[in-house]
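# Report on the structure
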Amino acid sequence: MKKQQSILFFTWIVSIIATLGSLSFSVINHWTPCSLCWYQRIFMYPIVFIIGIAFYKNKIKDIIYVLPLSLIGMCISIYHILIQKVPALKETATQCGPVPCTGDYLNWFGFITIPMLAFVAFLLINICCITLLRKSN
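Residues numbered from 1 in each chain as written. Predicted model: local features only at pLDDT ≥ 70, side-chain atom pairs only at ≥ 80, totals over all residues. Heavy atoms only, no water.

### Regarding the nonpolar core
Core analysis: the largest hydrophobic core is formed by 32 residues, its most contacted members being Leu 8, Met 44, Ile 47, Ile 63, Val 66, Phe 122 and Ile 125. Element by element, the count of residues in this core is highest for helix H5 (residues 114-136), at 10 residues. (Core = buried A, V, L, I, M, F, W, Y, C linked by side-chain atoms within 4.5 Å. Buried < 20%, exposed > 50% of the residue type's maximum accessible area, 1.4 Å probe, protein only. Helix = DSSP H or I, 4+ residues; strand = E, 2+ residues; numbered from the N terminus.)

Put into structure tokens, the structure is as follows:
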């Protein structure tokens, strides 16, 4: 397996883990996602299919379609982390749906939350996409 294929496969695995993780939080743990969590899911779920098809067809350049989704998803994650962890922003955040976006079901070590996990996944996907696009030129 070429190095580019290995990176593409790793990117696909990251997106699968992020998707299955978010689904397990909802289905297994019965945690209702807030609106910002839904937006992050909207940008993550298609990535699994786009990268899976690119990997299957061995078309590294198709990764270009992933980058906008991942960049937007990462920005949403950053905002979500900020309104959860920065007191000044937490106080000004409005109720964005039936579940407040400032709440956190998961809080490991005081900083690992669901939006932080999504941010890391989006960041890894972005790094891999940029690496692949640079090497494919």
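Next comes the rest of the write-up.
### Some remarks on the side chain of Arg 41
By the element assignment, Arg 41 lies in helix H2 (residues 35-57). Within the structure, the side chain of Arg 41 is placed 2.6 Å from the backbone oxygen of Ser 22, a separation counted as a polar contact. Residue contacts for Arg 41: discarding those within four places in its chain leaves Ser 22, Leu 23, Ser 26, Pro 33 and Pro 46. (Polar contact = N/O pair within 3.5 Å; in protein donor to acceptor, adjacent residues only side chain to side chain. Contact = heavy atoms within 4.5 Å.)

### Some remarks on a nonpolar patch on the surface
Taken together, the side chains of Leu 20, Leu 23, Val 27 and Ile 28 define a hydrophobic patch exposed on the protein surface, amounting to about 400 Å² of accessible area. The topology assignment puts Val 27 in helix H1 (residues 3-27). (Patch = residues over 30% accessible without salt bridge, like charges linked within 9 Å, V, L, I, M, F, W, Y side chains within 5 Å. Areas by Shrake-Rupley, 256 points an atom, 1.4 Å probe, with all protein chains shown as cover. Salt bridge = Lys/Arg side-chain N within 4 Å of Asp/Glu carboxyl O.)

### Concerning the packing of H2 against H5
Two elements in contact, H2 and H5, have axes whose closest approach is 12 Å; the angle formed by their N-to-C orientations is 40°. By the angle between their axes, H2 is oblique relative to H5. Seen along the crossing, H2 lies across H5 with a hand that is left-handed. Here Gln 40, Phe 43, Met 44 and Ile 47 of H2 lie close against H5, whose contacting residues are Pro 115, Ala 118, Ala 121, Phe 122 and Ile 125. Looking at the contact of H2 with H5 residue by residue, the classes come out as eight nonpolar, one polar and no charged. (Axes fitted to C-alpha atoms, helices over the stretch in contact; angles between N-to-C directions. Parallel < 35°, antiparallel > 145°, perpendicular 65-115°, else oblique. Left-handed = near helix turned anticlockwise from the far one by under 90°. Nonpolar A, V, L, I, M, F, W, Y, C, P; charged D, E, K, R; others polar.)

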